[in-house]
Amino acid sequence: MSEIPDEGQEFKLQANSELRFEVEAKAMVEIEMIEGQAEMFGTELAKNRKYSFVSGSKIAIFTWHGCVLQLRGKTEVAYMSKETPMTVYVNTHAALEQMREKAELENTRGPRILVVGPVDVGKSTLCRILVNYAVRLGRSPVLADIDVGQGNMGLPGTIGALVVERTADIEEGFQQTAPLVFHYGHKSANDNLQLYNLLVSRLAEIINVRCEQSKKVNCSGVIINTAGWIRGAGYEALKQAAGAFEVDVICVLDQERLYNQLKSDLPDFVKIVLLPKSGGVVERSQATRAESRDNRIREYFYGLKNNFFPHSFDVKFNDVKLFKVGAPSLPESCLPLGMKVIDNQTKLVPLLPSNNLLHHILSVSAATTVDQDIVETNVLGFIVVTGVDVEKGLFTVLSPSPRPLPRNILLVMDIQFMDIK
Ligand code: ATP
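Residues numbered from 1 in each chain as written. Predicted model: local features only at pLDDT ≥ 70, side-chain atom pairs only at ≥ 80, totals over all residues. Heavy atoms only, no water.

I'm lost on the packing of aromatic side chains in this one. Help?
Two numbers describe a pair of aromatic rings. These are the distance of the centres and the angle of the planes. Applying the stated criterion across every chain yields a total of seven aromatic pairs. The interplanar angle of 75 degrees and the centroid separation of 5.9 Å between the aromatic rings of Tyr-184 and Tyr-196 together place this pair among those described as edge-to-face. Residue Tyr-184 is located in the loop between strand 13 (180-183) and helix 3 (193-213), and its partner Tyr-196 is located in helix 3; the two are separated by 12 residues in the primary sequence. Comparing Tyr-184 with Tyr-196 shows no difference in burial state: the two are buried. Aromatic ring contacts, followed pair by pair, group Tyr-300, Phe-301, Phe-382 and Phe-417 into a single cluster. (Phe/Tyr/Trp six-rings, centres within 6.5 Å; stacked < 30°, edge-to-face > 60°. Helix = DSSP H or I, 4+ residues; strand = E, 2+ residues; numbered from the N terminus. Buried < 20%, exposed > 50% of the residue type's maximum accessible area, 1.4 Å probe, protein only.)

Structure below.
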């Protein structure tokens, strides 16, 4: 990472405008608010505090009343814009807040919101803004993420949720002390739709239980981020998620076609709102997406600013039980009587350790015995296989915590990670 230069650029922002910037590759950017008030994706900036952003970050600092910002470091672009959808977003938040107030009075469930839209329209960002605004009013909403491509909650290849009690940290996002995460194993919902739908339903079920335990969480509601796959089976998966979470609001970002389709397909009690996307959201190529997946995994092990120190140790084949979820589909005629092709996709398949494990990510299941329903049990964390020695009967792993592994049931992902710094 390059050094941040001392001299900076000053930006005077008028009310209702934002500063957008993208951090250059291998660079760092520092931002400081010198005057006024500002927020980043719904989290307020403290005055005279320096916040730093790593290479590739795409940031918008918005102000409702005007502010002065000092920016230091190399950016791809840095410009101010008055065209933002923030007023529409805050109005959406206000409508959700009214639903929460009603829920609180009547002791019922708060709003459940599904945020949908094509790729790169700012779905994750809108979720972050809505959750932050709710938290700033003292709410504790559940943030769920069912986009397996990016893995905001766990790693790519997972879905998950967490109860949010503090606004997202400007630099590091939401504090993820105890997220509930499920292993899916692939980077697209399309790779095993049957399993994907099963896990989405399971996640919704557990969130319901969590809501029943706390009136505050229950009336704060649930905000669900989805993937940008909105055609064909992807659209069906969105509808299935809407049903599983029993959502009452769907925010459709930037696509009238999807908005109209949902309006005609979903029952009337589901409010569907069309929201504009921000002109600041940057489109990402397949390569950039793959890179950001990789960065997410690296960040899990090494920390956002390389400030974590993962452990490397050997694990004996005999000490663990390896599985993957989903067997290759066989024609109906080859299956045991009464079994459908579809059942295979959610089946737990034991794996023999081999060189094929190299670089694969393994989820450490919370299950303690193989008698449990491992597919539908959450995971505790992840390790990556950095070496396999078949002769010695062991493999080497990179792990966020020291040995021993907390559990011995491991689920193999399709997704790989090369531990090269
Ligand atoms: P995906 O298709 O991967 O699900 P998405 O629709 O969820 O993407 P986001 O991840 O919210 O989109 O946004 C894409 C990128 O744009 C992010 O890096 C985010 O930080 C950035 N971004 C969002 N809003 C703005 C803005 N107003 N100005 C500049 N950058 C922004």
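There's plenty left to go through after this.
How should the sheet that holds strand 5 (residues 43-44) be read in this particular structure?
Sheets are built from strands paired through backbone hydrogen bonds, the pairs being either parallel or antiparallel. Across the sheet, five strands lie side by side as 5-4-7-2-9; this open sheet has antiparallel pairing. Because the sheet does not close on itself, it has two edges, and the strands there are strand 5 and strand 9 (75-81). Where strand 4 (residues 39-40) lies against strand 7 (residues 58-63), two bridges are found, and the strand directions are antiparallel. For Glu-39, the partnering residue across the bridge sits in strand 7 and is Phe-62. (Pairing = 2+ DSSP bridges.)

Explain the UniProt feature "domain: Clp1 P-loop" (unreviewed entry) in the chain to me, please; I cannot follow it from the model alone.
Those places that UniProt annotates as "domain: Clp1 P-loop" (unreviewed entry) correspond, in this numbering, to residues 117-303. This span, residues 117-303, is 43% helix and 15% strand, and a straight line between its end C-alpha atoms measures 30 Å. (UniProt positions renumbered as here; feature names shortened; annotations may be inferred.)

Teacher, can you tell me more about the sheet that holds strand 1 (residues 9-13) here?
Taking strand neighbours across the sheet as the criterion, the four strands line up as 1-8-3-6 in an open arrangement whose pairing is antiparallel. Looking at which strands have only one partner, the edges of the open sheet turn out to be strand 1 and strand 6 (50-53). Each neighbouring strand pair of the sheet contributes to a mean axis angle of 25 degrees, computed without reference to strand direction. The sheet contact formed by strand 3 (residues 29-36) and strand 6 spans four bridges and is antiparallel. (Axes fitted to C-alpha atoms, helices over the stretch in contact; angles between N-to-C directions.)

Sorry if this is basic, but what is going on with helix 7 (residues 286-302) here?
Three or four residues apart is the spacing at which side chains of an α-helix point the same way, because the helix has 3.6 residues per turn. Compared with the 24 Å implied by 1.5 Å per residue over 17 residues, the 24 Å span of helix 7 between its first and last C-alpha is a close match. Among the residues of helix 7, Arg-289, Arg-293, Arg-296, Ile-297, Phe-301 and Tyr-302 are the ones counted as buried. On the buried face of helix 7, the contacting elements are strand 20 (360-365), strand 21 (379-389), strand 22 (394-399) and strand 23 (409-416). Immediately beyond the C-terminal end of helix 7, within one or two residues, lies Gly-303, with a positive phi of roughly 85 degrees. (Expected span 1.5 Å × (residues − 1). Contact = heavy atoms within 4.5 Å.)

How do you make sense of unusual backbone geometry when you look at a structure like this?
Residues other than glycine predominantly adopt negative phi, and peptide bonds predominantly adopt the trans conformation. With omega at 0 degrees, the peptide bond leading from Arg-403 into Pro-404 counts as cis. Despite not being glycine, Lys-26 has its phi angle at roughly 60 degrees, a positive value. Inspection of the secondary structure assignment puts Lys-26 in the loop between strand 2 (17-23) and strand 3. What makes Lys-26 exposed here is its relative accessible area of 67%. A positive phi angle, close to 70 degrees, is found at His-359, a residue other than glycine.

Looking at this model, I keep getting lost on the environment of Asp-389. Mind explaining?
Assignment of secondary structure puts Asp-389 in strand 21. Among the residues examined, Asp-389 registers a relative accessible area of 26% and is labelled partly exposed. Taking the C-alpha atoms as reference points, Asp-389 and Pro-353, 36 residues apart in sequence, are found 9.8 Å from one another. Beyond its immediate sequence surroundings of up to four residues, Asp-389 is in contact with Phe-317 and Leu-394. Looking at Asp-389, its side chain comes within polar contact range of the main-chain nitrogen of Glu-391, at 3.2 Å. Looking at Asp-389, its side chain comes within polar contact range of the main-chain nitrogen of Lys-392, at 3.1 Å. (Polar contact = N/O pair within 3.5 Å; in protein donor to acceptor, adjacent residues only side chain to side chain.)

For this particular structure, what's the right way to read the side chain of Asn-225?
Its place among the elements puts Asn-225 in strand 14 (residues 222-225). Relative accessible area serves as the criterion here: at 1%, Asn-225 is assigned to the buried category. There is a polar contact of 3.2 Å between the side chain of Asn-225 and the side chain of Asp-145. Contacts of Asn-225, omitting those with residues within four sequence positions, involve Val-115, Lys-123, Ser-124, Cys-127, Ala-144, Asp-145, Ile-146, Asp-147 and Asn-152.

Would you mind going over the pattern of salt bridges with me for this structure?
Opposite charge on two side chains allows them to pair when their charged atoms are near. Counting across every chain of the model gives 21 salt bridges. The salt bridge involving Arg-202 is made with Glu-205; its shortest N-O contact spans 2.9 Å. Of the two residues, Arg-202 and Glu-205 are both situated in helix 3; the distance of three residues between them amounts to about one turn of the helix. Classification of Glu-205 by relative accessible area gives partly exposed; the value is 43%. Salt bridges sharing common partners tie together Glu-97, Arg-100, Glu-104 and Arg-139. (Salt bridge = Lys/Arg side-chain N within 4 Å of Asp/Glu carboxyl O.)

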